[in-house]
2 protein chains.
Amino acid sequence: MRWRSVGNTDCSVARTLSVIGERWTMLILRECFLGRRRFDEFQRNTGIARNILATRLRALVDDGILQRAPAEADRARVEYRLTKMGIDLYPVMIAMMQWGDAWLCDENGPPLSVMHRTCGAHATPRMTCPSCGAQVGARDMLAIPRHREPAPRRAASRRASR
Amino acid sequence: MRWRSVGNTDCSVARTLSVIGERWTMLILRECFLGRRRFDEFQRNTGIARNILATRLRALVDDGILQRAPAEADRARVEYRLTKMGIDLYPVMIAMMQWGDAWLCDENGPPLSVMHRTCGAHATPRMTCPSCGAQVGARDMLAIPRHREPAPRRAASRRASR
DNA sequence: CGGTATCCCATTTGATACTG
DNA sequence: CAGTATCAAATGGGATACCG
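Residues numbered from 1 in each chain as written. Chains lettered and ligands numbered in written order. Predicted model: local features only at pLDDT ≥ 70, side-chain atom pairs only at ≥ 80, totals over all residues. Heavy atoms only, no water.

1. Describing the relation of the copies chain A and chain B
Superposing chain A onto chain B takes a rotation of 180° combined with a translation of 0.0 Å along the rotation axis, leaving an RMSD of 0.0 Å. Those values place the two copies in the arrangement expected of a two-fold rotation axis. Minimal C-alpha distance to the rotation axis in chain A is attained by Met127 of chain A, lying at 2.3 Å. Of the residues that chain A buries at the interface, 100% are likewise interface residues in chain B, meaning the two copies contact each other through the same surface. (Least-squares fit on C-alpha atoms with pLDDT ≥ 70 in both. Contact = heavy atoms within 4.5 Å.)

2. What to know about the protein's contact with DNA strand C
Taken together, 22 residues lie near DNA strand C, and Arg50, Arg68 and Tyr80 of chain A together with Asn51 and Arg56 of chain B sit nearest. Backbone sugar and phosphate groups make up 67% of those atoms of DNA strand C lying within 4 Å of the protein. Contact between DNA strand C and Arg56 of chain B: a phosphate oxygen at 2.4 Å from a side-chain N or O atom of the residue. Within the residue set of the surface near DNA strand C, elements represented by two or more residues are α3 (39-46), α4 (50-62) and β2 (78-82) of chain A together with α4 (50-62) of chain B. Of all the elements, α4 of chain A adds the most residues to the surface near DNA strand C, at four residues. Classifying every residue of the surface near DNA strand C gives nine nonpolar, two polar and 11 charged. (Near = heavy atom within 4 Å. Polar contact = N/O pair within 3.5 Å; in protein donor to acceptor, adjacent residues only side chain to side chain. Helix = DSSP H or I, 4+ residues; strand = E, 2+ residues; numbered from the N terminus. Nonpolar A, V, L, I, M, F, W, Y, C, P; charged D, E, K, R; others polar.)

3. Quick word on the protein's contact with DNA strand D
For DNA strand D, the set of nearby residues contains 23 residues, the closest of which are Asn51 of chain A together with Arg2, Arg50, Arg68 and Tyr80 of chain B. Atoms of DNA strand D within 4 Å of the protein belong to the sugar or the phosphate in 65% of instances, the rest to bases. The contact in question runs from a phosphate oxygen of DNA strand D to an N or O atom on the side chain of Arg38 of chain B, over 3.4 Å. One of the side-chain N or O atoms of Arg58 of chain B is found 3.2 Å from a phosphate oxygen in DNA strand D. Of all elements in the fold, only α4 of chain A together with α3 (39-46), α4 and β2 (78-82) of chain B reach the threshold of two or more residues within the surface near DNA strand D. Ranked by residue count, the leading element in the surface near DNA strand D is α4 of chain B, at four residues. For the surface near DNA strand D, the residue count by class is nine nonpolar, two polar and 12 charged.

4. Looking at the interface of chain A and chain B
Taken together, the contacts link 84 residues of chain A with 84 residues of chain B. When the two sides are added together, the surface that chain A and chain B hide from each other amounts to roughly 7,800 Å², 68% of it contributed by carbon and sulfur. Our enumeration of links across chain A and chain B arrives at two salt bridges. Where Asp106 of chain B meets Arg15 of chain A, a salt bridge forms, and the shortest distance between an N and an O atom there is 3.6 Å. (Buried area = accessible area lost by both parts, 1.4 Å probe. Salt bridge = Lys/Arg side-chain N within 4 Å of Asp/Glu carboxyl O.)

5. Let's talk about helix α1 (residues 12-20) of chain A
Summarising burial for α1 of chain A: nine of the nine residues are buried, a large majority. Along α1 of chain A, the residues classified as buried are Ser12, Val13, Ala14, Arg15, Thr16, Leu17, Ser18, Val19 and Ile20 of chain A. Of the surrounding secondary structure, the elements contacted by the buried residues of α1 of chain A are α2 (25-33) and α6 (90-103) of chain A together with α2 (25-33) and α6 (90-103) of chain B. (Buried < 20%, exposed > 50% of the residue type's maximum accessible area, 1.4 Å probe, protein only.)

6. Examining the packing of α3 of chain A against α4 of chain A
Residues and elements named next belong to chain A. For the pair α3 and α4, the least separation of the axes is 10 Å and the interaxial angle reads 120°. On the basis of the axis angle, α3 is oblique to α4. For the element pair α3 and α4, the recorded crossing hand is right-handed. Of the residues in α4, those touching α3 at Phe39, Asp40, Phe42 and Gln43 are Arg50, Leu53, Ala54 and Leu57. Its residues assigned to classes, the contact of α3 with α4 shows five nonpolar, one polar and two charged. (Axes fitted to C-alpha atoms, helices over the stretch in contact; angles between N-to-C directions. Parallel < 35°, antiparallel > 145°, perpendicular 65-115°, else oblique. Left-handed = near helix turned anticlockwise from the far one by under 90°.)

7. Some details on the domain arrangement of chain A
Entries for chain A in the domain assignment read domain 1 (1-88) and domain 2 (94-162). Each of domain 1 of chain A and domain 2 of chain A was reduced to a C-alpha centroid, and the two centroids are 20 Å apart. (Domains from an automatic or database assignment.)

Set out below in structure tokens:
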């Protein structure tokens, strides 16, 4: 199977990867979550080549994750801002950060910590069950495939590849 | 900057990506979380080329995410099983799944749902503040960089690149 | 500042065939 | 079953220069 077609498979992980799975994409989004909005900030802070950055930004805008607009402060400048769809990627980001903090840190410890503004707690969010509130891990959850939809007469149409 | 060196930057997201950021890696791990353990299962269910799969599996074992061992049932067979380090990637996986469910589904809805074994709830986990229990999003959290460690006399040693 | 245009090299990929 | 071996093709870097 070609990588191009994984975005069309019936799996949300695969589809997500087809959008944010490219090499530098999550690092650009890291910058966005840290409040950066401009081309040159992205370039300097990530170290990505300018042409690649341009390509990625275009893709992120096309996919609805970033919005490109002139800055209010200085209309001559351009800003990239997270859309709702982009902001919703925060759990992915923070989960990656936590895993790196837990397993890949050097002796200096985590490079970044987070604080919950509304309660003041200095602690990283966790995955919890919305019903009982317990923290959950892989072993606590059971995956249940969607039951087969009524088979159509012919092959179902598929989204075009990105 | 070369991609190879992002694993050495002082950012847990970047380091995590240097380990699980390669194209097919998370899809292999998806299979692991679904209980698959064998080379051919991985190959069939992901559609990855066999040689690439072999390379990825070797990297995952080297990185401590999977463990390779003969199957207990049939010692002639080989099994790949998640280590603790691998199991800890569940939040990353589930966060990706949820985002795909929310933003990339077709009319059939999410391909997979999950159930919390211990309380029976059919609901996907969320990111919550461990202190106050509220669900958190990007806007609720403030990022705080680690204060600079006492500068060493010479450049600090860095992990070797993968 | 926010990009394009070019050019070239390195890496990844994927198909296929083969093996113990 | 669980891989290797090979090899061609595609893609993705990355450096550099240029532009409005």
